[in-house]
Amino acid sequence: MIPFNRPPCTGDEEQYIKQALKNNKLSGDGPFGKKCQEWFETNLPSKKTLLTPSCTAALELAAVLIDVQPGDEVIMPSYTFVSTANAFVLRGARIVFVDIRPDTMNIDEKLIEAAVTPRTRAIVPVHYAGVACEMDTIMAIAERHNLCVIEDAAQGMMATYKGGALGTFGQISAYSFHETKNFTSGGEGGLLIINDEQYVQRAEIIREKGTNRSQFFRGMVDKYSWVDMGSSYLPSELQAAYLWGQLEWADTITQNRLSIWESYYSALNGLAQRERIEVPTIPAECQHNGHMFYIKVKDIAERTALLEHLKADGIYAVFHYIPLHTSPAGLRFSRFHGDDEYTTRESERLIRLPMWFGMEKETVNYIVNSVKRFFS
Ligand SMILES: *Cc1c(COP(=O)(O)O)cnc(C)c1O
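Owing to the predicted nature of the structure, the values given are computational and were not obtained by experimental measurement.

1. With respect to the overall build of the protein chain
The helix and strand tally for the protein chain stands at 14 helices and 13 strands. Scaling as 2.2 N^0.38, a compact globule of 376 residues should have a C-alpha radius of gyration of about 21 Å, and the protein chain matches this with 21 Å. Burial analysis of the protein chain (376 residues in total) assigns 57% to the buried set. In the protein chain, of all internal contacts separated by at least 6 residues, the share reaching a separation of at least 24 is 71%.

2. Side note on unusual backbone geometry
The omega torsion of the bond from Leu44 to Pro45 falls at -15°, within 30 degrees of zero and hence cis. Residue placement: Pro45 occurs in the loop between α2 (31–43) and β1 (48–52). Despite not being glycine, Asp29 has its phi angle at roughly 60°, a positive value. Relative to the elements of secondary structure, Asp29 occurs in the loop between α1 (13–22) and α2.

3. Describing helix α11 (residues 300–312)
Given a rise of 1.5 Å per residue, 13 residues ought to cover 18 Å, and the 18 Å separating the end C-alpha atoms of α11 matches this to within 8%. Looking at α11, one finds that the buried residues are Glu302, Arg303, Leu306, Leu307 and Leu310. Along α11, the residues classed as buried sweep out an arc of 135° about the axis, all on the same side. Those residues of α11 that are exposed and angled more than 90 degrees off the buried face are Ala301 and Ala312.

4. Topic: the UniProt feature "active site" (unreviewed entry) in the protein chain
Mapped onto this numbering, the UniProt entry annotates "active site" (unreviewed entry) at Lys181. Within the element layout of this structure, Lys181 appears in the loop between β8 (172–176) and β9 (190–194). Its relative accessible area of 15% is what places Lys181 among the buried residues. Excluding residues within four positions of it along the chain, Lys181 makes contact with Pro8, Ala154, Gln155, Ser176, Arg257 and His291.

5. Considerations on the domain arrangement of the protein chain
Domain assignment breaks the protein chain into domain 1 (13–246) and domain 2 (250–375). A C-alpha centroid distance of 25 Å is found between domain 1 and domain 2. Listed as interface residues are 44 residues of domain 1 and, on the opposing side, 38 residues of domain 2. Taking both partners together, domain 1 and domain 2 bury about 3600 Å²; carbon and sulfur atoms supply 58% of that area. Here Glu73 and Arg335 are joined by a salt bridge, their closest N and O atoms 3.1 Å apart. On the surface where domain 1 and domain 2 come into contact, there are 24 residue pairs in polar contact (both at pLDDT 80 or more). Listed by contribution, the elements that provide at least two residues to the side of domain 1 that touches domain 2 are α4 (82–89), β3 (94–98), α5 (112–115) and β6 (160–161). Per-element tally for the side of domain 1 that touches domain 2: the top contributor is β3, with 5 residues. In the side of domain 1 that touches domain 2, the residues fall into 25 nonpolar, 11 polar and 8 charged.

6. A short note on the sheet that holds strand β4 (residues 120–123)
Paired through backbone hydrogen bonds, the strands of a sheet run either parallel or antiparallel to each other. If you walk across this open sheet you meet the 8 strands as β1-β9-β8-β5-β4-β2-β3-β12, and the pairing is mixed. Whereas interior strands pair on both sides, the edge strands pair on one side only; in this sheet they are β1 and β12 (334–336). Taking each pair of neighbouring strands and ignoring which way they run, the sheet shows an average axis angle of 25°. Note that strand β2 (residues 73–77) and β4 share 3 bridges and pair parallel. Looking at β4, one finds that Glu73 is bridged to Thr120. Lying over the sheet, α2 contacts β1, β8 and β9, oriented at roughly 135° with respect to β1. Strands β4 and β5 (148–152) of the sheet are contacted by helix α6 (residues 135–145), whose axis makes an angle of about 150° with β5.

7. Some details on the packing of aromatic side chains
For any two aromatic rings, the description comes down to two numbers: the centre-to-centre distance and the angle of the planes. Enumeration according to the criterion identifies 15 aromatic pairs in this entry. Measuring from ring centre to ring centre gives 5.4 Å for Tyr161 and Phe169, while their planes differ by 80°; the resulting arrangement is edge-to-face. Members of the aromatic cluster, each reached through a chain of ring pairs, are Trp39, Phe40, Tyr175 and Phe177. Over the ring of Trp356 we find Arg6; its NZ or CZ atom is 4.8 Å from the centre of that ring.

Reading guide: rules and limits
Residues numbered from 1 in each chain as written. Predicted model: local features only at pLDDT ≥ 70, side-chain atom pairs only at ≥ 80, totals over all residues. Heavy atoms only, no water. Helix = DSSP H or I, 4+ residues; strand = E, 2+ residues; numbered from the N terminus. Rg over C-alpha atoms; globule rule 2.2 N^0.38 Å. Buried < 20%, exposed > 50% of the residue type's maximum accessible area, 1.4 Å probe, protein only. Contact = heavy atoms within 4.5 Å. Expected span 1.5 Å × (residues − 1). Arc of directions from axis to C-beta. UniProt positions renumbered as here; feature names shortened; annotations may be inferred. Domains from an automatic or database assignment. Buried area = accessible area lost by both parts, 1.4 Å probe. Salt bridge = Lys/Arg side-chain N within 4 Å of Asp/Glu carboxyl O. Polar contact = N/O pair within 3.5 Å; in protein donor to acceptor, adjacent residues only side chain to side chain. Nonpolar A, V, L, I, M, F, W, Y, C, P; charged D, E, K, R; others polar. Pairing = 2+ DSSP bridges. Axes fitted to C-alpha atoms, helices over the stretch in contact; angles between N-to-C directions. Phe/Tyr/Trp six-rings, centres within 6.5 Å; stacked < 30°, edge-to-face > 60°. Lys NZ or Arg CZ within 6 Å of the ring centre and 35° of its normal.

The structure is reproduced here in structure tokens:
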């Protein structure tokens, strides 16, 4: 069976984990944790980055950080992972979904402003498949209405919008290092990215159980005490060591994924030309990162049939998000502003094909041939 994903591994992770074991420091913010954060702060670049146990944790931290209050509204697409919404629901916020664009599956930036009310606190764009949302438009709306922008860039590492790294546009952003993403810190992990200086100090406090431990260790305060609300949002040094084994290969991993993506694209473009399927659209201002190769078929019935056909050929392809506004928790915690013209319809047409770092070209060919046979 061809799996949908294999966790990325460069071969360097093991030696760094062994090194971390010898350092006698396994809790968070050890030498590898610091190296990883410095790498991101330099390369993104960003004012401050903090490793977290997951992207979910980074989003939760962000919601505490901007002081989301019960009854506040947060605007986001319904076509996203549950954590994008949960992070704010946990603070008592009401989620306001707006429709997506059918070309990129990202939030439709033209629909956001009409969904803004006096209660709106933040906009959360999700960069689906590592293809950027229309950030200039979104940042301008946020500025006009004095809203925070928190980018869910879980899938966005190494992708850019007008040359800037995803995660560097909003005041706060989050990456995921879950094993299904382009880079992993050993299965689970994430990163909080802070682009607005005013949030740096409090982010460190919330992440360290509401204490000023970080400042204490830097010698900035002489007492280490409980100063604010907080939780435990530090990953272990072993996770950072695993991630360090990948950051040195960031360009190689990305180039490899892009080349697999291009193989799929060129091999399936003929079917797209004949309008049997649709292949992804990449807007000119976006450089994606080969996170995902998806196709869209006619409807849910055709998708079910194609998934069965692929499975019979030993290929494990998958669909993706069930729109959150249609789910039981979505009915309780959210409303959909405007019409659901594309969210449900497009989500029902989408299939993700297997993709991982180091995937062999023969495997791509085998999958492509199976897809073509289905449509012949
Ligand atoms: C993967 C993902 C998350 C959650 O990431 P974790 O690191 O597993 O918590 C959140 N949002 C989006 C869009 C994702 O793709």
